[in-house]
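Chain residues, written in single-letter form:
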Amino acid sequence: MLRQLGLGDEDQAAWEASGLPASAFEDWLTDRVARRPAGDRAREVYGADDAHDFARRAILDVLALGPGDRLLELGCGGGLLLRDALATGAAATGLDHSEDMVALARERAPGAEVVLGRVEAPPFADDAFSAVAMSIVLMFLPGPVAALRECRRVLEPGGRLAVYTSAPELRGTPAAPEPIASRAHFYEDAELLALAERSGFASVAVACDDGGQLLTALRPRT
Ligand SMILES: C[S@@+](CC[C@H](N)C(=O)[O-])C[C@H]1O[C@@H](n2cnc3c(N)ncnc32)[C@H](O)[C@@H]1O
C-alpha cells in the first residue's frame, strides 16, 4: 500500500520505527500522506508548484487579495498559497500541525508568519485577519463547525472566508483514494452551506466544479 501511494523506503522505515501495531497502519498512512504530512516525500509533494494548484487558484481568485489584506491560511501545508498571497501585497500567516509542513512553508513563503498549531485553536486575536483560507483541510477535521467558528472569530467584520474541499463523488477516486477516503468527510454542497451558516457566517455560497467545492462566506458586520 505504501508503494501504491507513491511512498518509499524512508516512509517504510518511519512506519517500522513508529512501533505502532499493524491495526494502526491505515491511520498512520493517512497522517503521513495528507492529515499530518511528514517525511521527504511529503516535502516534495507539498512543496511542488502543482500541489493542489487548482484549489489554490480558486481560493486566490475569489479572495482577490491585495495590499492591506491580512490572510490567515489554516492547514497551510507547504506554503504555496502563502507565497502567492504575499505576491499580491497582502500580509500572510499560516498555521499547520505538521512540523515538516511548517518548516517547508517557512522556506517556500519567506515573509509569511508560519506557526505550529491546531486549526481548532488558532492562537490569534479576535478580528485579526481580513481573509481566512483552507485548502483540502476541512475534510480532515472531526469538528467542522468548531473550526469554522474559529475562522469567524479571527476574521474582522466583513472579512472573507474561502474553503476548498472535495465532494462525495471524489471519494475513493485517484483524487481521494483509500485508505484516506474512509478517514475524511465528503460533504454535499447543502451540508457545506449549513455548516457555514451554523458557524455564524453570512452570504454563504458553494461553487462545485468536477467534485471540487469552493465554499465562500463573509463574517457579518454586526
Ligand atoms: C491535504 S494537506 C493540504 C495542504 C495545503 N493546504 C494544500 O492545499 O496543499 C492538509 C494539511 O492540513 C494540515 N492539518 C490537518 N488537520 C489539521 C489540524 N487539525 N490542525 C492543523 N493543521 C491541520 C495537515 O498537516 C496538512 O498540512
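See above for the structure.
Keep in mind that this is a model prediction, so the values were computed, not measured.

Calculation notes
Residues numbered from 1 in each chain as written. Predicted model: local features only at pLDDT ≥ 70, side-chain atom pairs only at ≥ 80, totals over all residues. Heavy atoms only, no water. Salt bridge = Lys/Arg side-chain N within 4 Å of Asp/Glu carboxyl O. Helix = DSSP H or I, 4+ residues; strand = E, 2+ residues; numbered from the N terminus. Buried < 20%, exposed > 50% of the residue type's maximum accessible area, 1.4 Å probe, protein only. Phe/Tyr/Trp six-rings, centres within 6.5 Å; stacked < 30°, edge-to-face > 60°. Pairing = 2+ DSSP bridges. Right-handed = clockwise from strand over helix to strand, strands pointing away. Axes fitted to C-alpha atoms, helices over the stretch in contact; angles between N-to-C directions. Contact = heavy atoms within 4.5 Å. Near = heavy atom within 4 Å. Polar contact = N/O pair within 3.5 Å; in protein donor to acceptor, adjacent residues only side chain to side chain. Areas by Shrake-Rupley, 256 points an atom, 1.4 Å probe, with all protein chains shown as cover.

(A) Structural view of the pattern of salt bridges. Applying the stated criterion to the full structure yields 18 salt bridges. When the shortest N-O distance is used, the salt bridge between Arg-219 and Asp-127 registers 2.7 Å. Of this pair, Arg-219 sits in the segment after strand S7 (212-218) while Asp-127 sits in the loop between strand S3 (113-116) and strand S4 (129-135), and the two are 92 residues apart along the sequence. Under the relative-accessibility criterion, Asp-127 is labelled partly exposed at 36%.

(B) The packing of aromatic side chains, seen in detail. Summed over all chains, the structure comprises five aromatic pairs. Judged by centre distance (4.9 Å) and plane angle (75 degrees), the rings of Trp-15 and Phe-25 are edge-to-face. Of this pair, Trp-15 sits in helix H1 (residues 9-18) while Phe-25 sits in helix H2 (residues 25-35), placing them 10 residues apart in sequence. Since its relative accessible area comes to 13%, Trp-15 is described here as buried. Residues Trp-15 and Trp-28 carry aromatic rings whose centres are separated by 5.3 Å and whose planes lie at 55 degrees to one another, so their mutual orientation is tilted.

(C) Main features of the pairing of S3. Note that strand S2 (residues 91-96) and S3 share four bridges and pair parallel. Paired with Asp-96 across the strands is Leu-116, a residue of S3. In the classification by handedness, the crossover that spans S2, the intervening helix H6 (residues 99-108) and the parallel S3 is right-handed.

(D) Geometry of the sheet that holds strand S1 (residues 70-74). Sheet architecture is open: seven strands sit in the order S3-S2-S1-S4-S5-S7-S6, paired in mixed fashion. Looking at which strands have only one partner, the edges of the open sheet turn out to be S3 and strand S6 (202-209). On average, each strand axis in the sheet is inclined to that of its neighbour by 15 degrees, with strand direction left out of account. One ladder, built from six bridges, connects S4 with strand S5 (residues 155-166); its direction is parallel. Looking at S5, one finds that Ser-135 is bridged to Tyr-164. Running over the sheet, helix H4 (residues 53-63) touches S1, S4, S5 and S7 and is turned about 155 degrees from S5.

(E) A look at the site of the ligand. Neighbouring the ligand are 24 residues; His-52, Gly-75, Asp-96, Val-119 and Ser-135 lie closest to it. At 2.6 Å from an oxygen atom of the ligand is found a side-chain nitrogen or oxygen belonging to Asp-96. Between Val-119 and the ligand, the recorded distance is 2.9 Å, taken from a backbone N or O atom to a nitrogen atom. Considered on its own, the ligand offers 590 Å² of accessible surface; in the complex 95% of this is hidden by protein. Within the residue set of the shell around the ligand, elements represented by two or more residues are H2 and S2.

(F) Inspection of the environment of Phe-129 at higher detail. One can find Phe-129 in strand S4. Given a relative accessible area of 6%, Phe-129 falls into the buried group. Once residues lying within four places of it in the same chain are set aside, the contact partners of Phe-129 are Arg-70, Leu-71, Leu-72, Thr-93, Phe-124, Val-154, Leu-155 and Glu-156.

Taken by themselves, the reported measurements are silent on function.
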